[in-house]
Amino acid sequence: TEDSARVRSLRWPGSSGAVDWTGDGHKFSTRTSGKAGGTIWLGDLADGSLRPILEDIPKLGSHTWARDGSFLVYEVSEDAPKDGEGVKRHRGLPDREPDFRTRSSLYRLAVPGGARQRLTAGELSCRLEDISPDNKRLLISRTILEPTVRPYSQIELSVLDLETLETRVIWKGSW
C-alpha cells in the first residue's frame, strides 16, 4: 500500500509458514502436521478465512495447485512392510539408507468438492514435476535402480493424462 499499512494478518497453529498460491492469485494453501497426520488449509485473502480442505492424512507430503485452482496434486508416503525374517536383506546398495523402501504416491483433490483420486501406485515412488498449462496432464518422474550400469540408477519422465489416466514415458536416462 502507499502508506505501508498492514492490510491483513493471518495466523494459524502449527504451520511451517510456507504458502502455495492457487491459480487465481487470491487464495493460498499451507500445510500443518499433527499426531493424526497432515492437513492442508485453504486461505482466502478476500475475507481472511482459513479452512481445512484435506485433514489428518498420515505421511502427507508436498502439494501443487493446478493453474486454475480447480484441483491440487498431493503426495503421500507409505512405509514398506517389515521384514518377517528378522534380518534385513539388502536389495541393492541404496537399501542401506534409512527409508529407502518408503514409497510415495500421488493423489488428486478436487477443490471445491473434496473428491480424492489416487493417481499412482506400485513398487517405485512417483514425484510430481509439473502440471500442464491446460491442467490436463501431469509430468511425473520415477527413479529406477540399474545396479549393473553406472550411475546405478535412471530417471524416467512420464506424462499422465488426467482424463484417461494413461501414462506415456517420454524420456529415460541418467544424469
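These lines cover the structure that appears in this document, whether it is placed above or below.

Here is what the cut-offs are and how they apply
- Residues numbered from 1 in each chain as written.
- Predicted model: local features only at pLDDT ≥ 70, side-chain atom pairs only at ≥ 80, totals over all residues.
- Heavy atoms only, no water.
- Pairing = 2+ DSSP bridges.
- Helix = DSSP H or I, 4+ residues; strand = E, 2+ residues; numbered from the N terminus.
- Salt bridge = Lys/Arg side-chain N within 4 Å of Asp/Glu carboxyl O.
- Buried < 20%, exposed > 50% of the residue type's maximum accessible area, 1.4 Å probe, protein only.

Take the sheet that holds strand β2 (residues 27-34) next. Judged by pairing direction, the sheet is antiparallel, and its four strands sit side by side in the order β1-β2-β3-β4 without closing on themselves. Every interior strand has two partners, whereas the edge strands, β1 (20-21) and β4 (50-57), have only one. By the bridge criterion, two bridges tie β1 to β2 in an arrangement that is antiparallel. Paired with Trp 21 across the two strands is Phe 28, which belongs to β2.

The next thing to look at is the pattern of salt bridges. Applying the stated criterion across every chain, the model contains six salt bridges. When the shortest N-O distance is used, the salt bridge between Arg 137 and Asp 134 registers 3.3 Å. Assessed through its relative accessible area of 35%, Arg 137 is described here as partly exposed. On the basis of relative accessible area, Asp 134 is assigned to the partly exposed category, the value being 38%. Arg 142 is the salt-bridge partner of Glu 156, the closest N and O atoms lying 2.9 Å from each other. You can see Glu 156 sitting in strand β11 (residues 153-161) and its partner Arg 142 sitting in strand β10 (residues 137-145), a full 14 residues away along the chain. When its relative accessible area of 27% is taken as the criterion, Arg 142 is described as partly exposed.

Backbone phi values are negative for most residues with the exception of glycine, while trans is the configuration of most peptide bonds. Note that the residue after Val 111, namely Pro 112, is joined by a cis bond; omega there is -5°. By the secondary structure assignment, Pro 112 is in the loop between β7 (103-110) and β8 (116-118). A positive phi is found at Asn 135, a non-glycine position, where the angle reads about 65°. The topology assignment puts Asn 135 in the loop between β9 (127-131) and β10. Judged by relative accessible area, Asn 135 falls into the buried class, the value being 12%. The phi angle at Leu 165 is positive, at roughly 60°, despite the residue not being glycine. On the basis of relative accessible area, Leu 165 is assigned to the partly exposed category, the value being 38%.

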